[in-house]
Every structure is written in structure tokens, then in C-alpha cells.
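What the coordinates show
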Amino acid sequence: MLLGPRDALPHRPRRIAVAGVSGSGKTTLARRIAVVTGAPHVELDALYHGPGWVPRPSFLDDVEHFTREPAWVTERQYAAARAVLLARADLLVWLDLPTAQTMAQVVGRTVRRRWRDEVLWNGNREGPLTDVFRDPDHVVRWAWATRARYRDLPAEVAAERAAAHLPELPVVRLRSHTEGARWLAGALAEAVRAGTDPPAR
């Protein structure tokens, strides 16, 4: 079920995953959704990255634990966690911005973090900006290499849910931050006010 920013939601969402390429603004949107719905926002990056950028051994256990809660908002990322997130979400929000915009955002974010020496998850900081030329997994290069990853997202989600014998998952596609703001204040807020719960599984 693919919906636009003005389409009514079929129920009040309680478990929400936000999908999008690197730099699209998933975390910012997830935080705003949490404010509207009252559900806690769980940032996956904070669960994944340990000190020194080493993946935390408890990551998948943490994902398994919080996704069993009745309400949450998080980012749909990290391949190892996606199946659990998709199986337990009752709404997927797809932030589908133009490539030029997402690249500008990820470059700007990377430069800002390095310039301000921002402390990220578990004491980590961005490396030198020159790492973009040396590290093939640098976030800017990763964002460019995966820029078309979600082109067929609705079909992939439908196939995955069907294979798991799960009901169809509503997918809201937002093509700009303006559409995102309109959806937050409109369809999402209206669904929260209506209070109709998702169908029982």
C-alpha cells in the first residue's frame, strides 16, 4: 500500500520505521514523528556503534528487545536488523529525496561534524575530511554508491512481507522535506487523533 503525504493513514501507527538513503534525513524525521506520535525514538546508530566505531556485540539483541515494545520509531538501516524491523513495523515512511539533495546533505553534515569536532555515538568523532579519498567505506562515498538502493522499495517490502505471511505494510513516500512537514501536521497527526489501532496480528 503506497501512500502520499496527503493520503489518510489506515490506522494510528505505533511502530514506525523510516527508510531512505544515507544523508536523506531519516533520523531527523524519525525524531519529529516521535514527537507527533508520542512513541520513543530509538536511534539505530547509537545501538550499533561502540567506541572506536567498533560494532557493539549486543546490537541485534538490543534491536530484538526494543522492537517487541508496543511503540517505537527508528531508522530502517543495517542489513542485519532490517528483517526484524520490517516484520514488526506497522508503518514504513520512505524519505525519497533527489540524489543531488541527499548528497549535498551528507557532505554538509560530514563537514559540519568534522569542523565542530562533534562527539557522536559512544565518544566517536568523524575522521579527517581527507578520508573520503582514502576510505572506500566513507559515508560520502557510501551515499553515492547506494544512491539508487531504494528505487524499488515498495515492491521489495511487499514481497518480503508476503514471504513472511504478514499483512500488507503501508508505505508513505515523501519526496521532499516540505512534503514531510505537511504529512507530519496532516495525515499523521490526524491518525494519532483518530486513535484507531493497527490490526491485530
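Residues numbered from 1 in each chain as written. Predicted model: local features only at pLDDT ≥ 70, side-chain atom pairs only at ≥ 80, totals over all residues. Heavy atoms only, no water.

What about the overall build of the protein?
If you tally the helices and strands in the protein, you get nine helices and six strands. For 201 residues, the compact-globule formula gives about 17 Å, and the C-alpha radius of gyration of the protein, at 17 Å, lands near that figure. Principal-axis analysis of the C-alpha atoms gives the protein an extent of 50 × 35 × 30 Å. Burial analysis of the protein (201 residues in total) assigns 44% to the buried set. (Helix = DSSP H or I, 4+ residues; strand = E, 2+ residues; numbered from the N terminus. Rg over C-alpha atoms; globule rule 2.2 N^0.38 Å. Buried < 20%, exposed > 50% of the residue type's maximum accessible area, 1.4 Å probe, protein only.)

Digging into the packing of aromatic side chains
Scanning all chains against the criterion turns up four aromatic pairs. Here the aromatic rings of Tyr48 and Phe59 are separated by 5.1 Å at their centres, their planes lie at 90 degrees, and the arrangement is edge-to-face. On the criterion of sequence distance, the pair formed by Tyr48 in helix α2 (residues 44-48) and Phe59 in helix α3 (residues 59-66) is long-range, its members being eleven residues apart. Ring centres of Tyr48 and Tyr78 lie 4.2 Å apart, and the angle between their planes is 20 degrees; on these two criteria the pair is classed as stacked. (Phe/Tyr/Trp six-rings, centres within 6.5 Å; stacked < 30°, edge-to-face > 60°.)

Comments concerning the environment of Arg173
With respect to the secondary-structure elements, Arg173 resides in strand β6 (residues 171-174). With 45 residues separating them in the primary sequence, Arg173 and Pro128 have C-alpha atoms 35 Å apart. Look past the residues within four positions of Arg173 in its chain and what remains in contact with it is Leu2, Leu3, Gly4, Pro5, Trp94, Asp96 and Glu179. (Contact = heavy atoms within 4.5 Å.)

Observations concerning helix α1 (residues 26-37)
Taking 1.5 Å of rise per residue, twelve residues should cover 16 Å, and α1 covers 16 Å from first to last C-alpha, within 8% of that figure. Restricting attention to buried positions, one finds in α1 the residues Lys26, Thr27, Leu29, Ala30, Ile33, Ala34 and Thr37. Viewed end-on, α1 has its buried residues packed into an arc of 160 degrees, placing them on one side of the element. Among the structural elements, β2 (15-19), β3 (41-42), β4 (72-75), β5 (91-95), β6 and α9 (177-194) are those in contact with the buried residues of α1. Two residues or fewer after α1 comes Gly38, characterised by a positive phi angle close to 80 degrees. (Expected span 1.5 Å × (residues − 1). Arc of directions from axis to C-beta.)

Focus: the pattern of salt bridges
Using the criterion set out here, one finds eight salt bridges in the structure. Asp96 is paired through a salt bridge with Arg173; the nearest N and O atoms lie 2.6 Å apart. Residue Asp96 is found in the loop between β5 and α5 (99-116), and its partner Arg173 is found in strand β6; the two are separated by 77 residues along the sequence. What makes Arg173 partly exposed here is its relative accessible area of 22%. Where Arg116 meets Glu118, a salt bridge forms, and the shortest distance between an N and an O atom there is 3.8 Å. A residue is classified by how much of its surface remains accessible, and Arg116, at 59% relative accessible area, is exposed. Through salt bridges that share partners, Glu64, Arg68 and Arg88 make up one connected network. (Salt bridge = Lys/Arg side-chain N within 4 Å of Asp/Glu carboxyl O.)

Considerations on a nonpolar patch on the surface
Taken together, the side chains of Val107, Val111, Trp115 and Leu129 define a hydrophobic patch exposed on the protein surface, amounting to about 440 Å² of accessible area. Position of Leu129 among the secondary structure elements: in the loop between α5 and α6 (131-134). (Patch = residues over 30% accessible without salt bridge, like charges linked within 9 Å, V, L, I, M, F, W, Y side chains within 5 Å. Areas by Shrake-Rupley, 256 points an atom, 1.4 Å probe, with all protein chains shown as cover.)

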